[in-house]
Amino acid sequence: MPRYKYEKLTVLNLKGVEYPITEIRQAVEHLKTLKQAKGTGLEAQTSVRAGRYWLLARPLLKLNQIIGRTPREVWELFDADVDGQRESLKQRDSLSYAPPNHRLRLPRTWRPLGGYLSG
């Protein structure tokens, strides 16, 4: 069974069809009947903590990733994708974009503006 508490399964095509998470087999059977295009796949949705943030994870699997696997293996693929999204968010959060904490060094030729005007 999945490690995360998934809220819903969605078979994505032009229009998404939602399934309860207990009906993964029916969702895959529906996915098999669709023409496989670029945006077609099975999406699971969950909210998880990632550091100090809440991540709305929506891993997407294509039909060729699902065929021949048991439901347990499919949930493991979803879990692995969520793990990757969590780690990515944690790494981005740990990056600091603040300037280094040092004094601003001005060129030696710099003088206050008042110095040029006062005679």
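Above this note sits the structure.
Residues numbered from 1 in each chain as written. Predicted model: local features only at pLDDT ≥ 70, side-chain atom pairs only at ≥ 80, totals over all residues. Heavy atoms only, no water.

Asks: Describe the layout of surface pockets, with residues and values.
Replies: Quantified by volume, the largest pocket comes out at close to 160 Å³. Forming the boundary of the largest pocket are I24, R25, V28, E29, K32, I66, I67, G68, R69, T70, P71 and V74. A per-class count over the lining of the largest pocket returns six nonpolar, two polar and four charged. (1 Å grid on protein atoms, 1.4 Å probe; cavity = no way out; pocket = protein on both sides within 12 Å on 5 of 7 lines; lining within 4 Å. Points joined across faces, edges and corners; volume = space filled by probe spheres on them. Nonpolar A, V, L, I, M, F, W, Y, C, P; charged D, E, K, R; others polar.)

Asks: Could you give an account of the packing of aromatic side chains, naming the residues involved and the relevant values?
Replies: This structure, assessed with the given rule, holds three aromatic pairs. Ring centres of Y6 and F78 lie 6.1 Å apart, and the angle between their planes is 50°; on these two criteria the pair is classed as tilted. Of this pair, Y6 sits in the segment before strand 1 (8-12) while F78 sits in helix 3 (residues 71-94), and the two are 72 residues apart along the sequence. Taking 5.6 Å as the distance between ring centres and 50° as the angle between the ring planes, the aromatic pair formed by W75 and F78 counts as tilted. In this pair, W75 and F78 both sit in helix 3, three residues apart, roughly one turn of the helix. In textbook terms, an aromatic cluster arises when at least three aromatic residues are bridged by ring pairs, as seen for Y6, W75 and F78. (Phe/Tyr/Trp six-rings, centres within 6.5 Å; stacked < 30°, edge-to-face > 60°. Helix = DSSP H or I, 4+ residues; strand = E, 2+ residues; numbered from the N terminus.)

Asks: Tell me about helix 3, residues and numbers included.
Replies: When the terminal C-alpha atoms of helix 3 are compared, their 35 Å separation across 24 residues agrees well with the 34 Å that a helix rising 1.5 Å per residue should span. When we look at burial in helix 3, the residues that qualify are V74, W75, F78, D79, V82 and L89. (Expected span 1.5 Å × (residues − 1). Buried < 20%, exposed > 50% of the residue type's maximum accessible area, 1.4 Å probe, protein only.)

Asks: Residue-level account of the nonpolar core, with values.
Replies: With 24 residues, the main nonpolar core has L9, L42 and F78 as its most contacted residues. Counting residues per element, the ones that place at least two in this core are strand 1, helix 1 (24-33), strand 3 (41-50), strand 4 (53-57), helix 2 (63-66) and helix 3. By residue number, the principal contributor to this core is helix 3, which donates five residues. Beyond its immediate sequence surroundings of up to four residues, F78 is in contact with Y6, L9, L42, E43, A44, P59 and L61. (Core = buried A, V, L, I, M, F, W, Y, C linked by side-chain atoms within 4.5 Å. Contact = heavy atoms within 4.5 Å.)

Treat this as a map of the structure, not an account of what it does.
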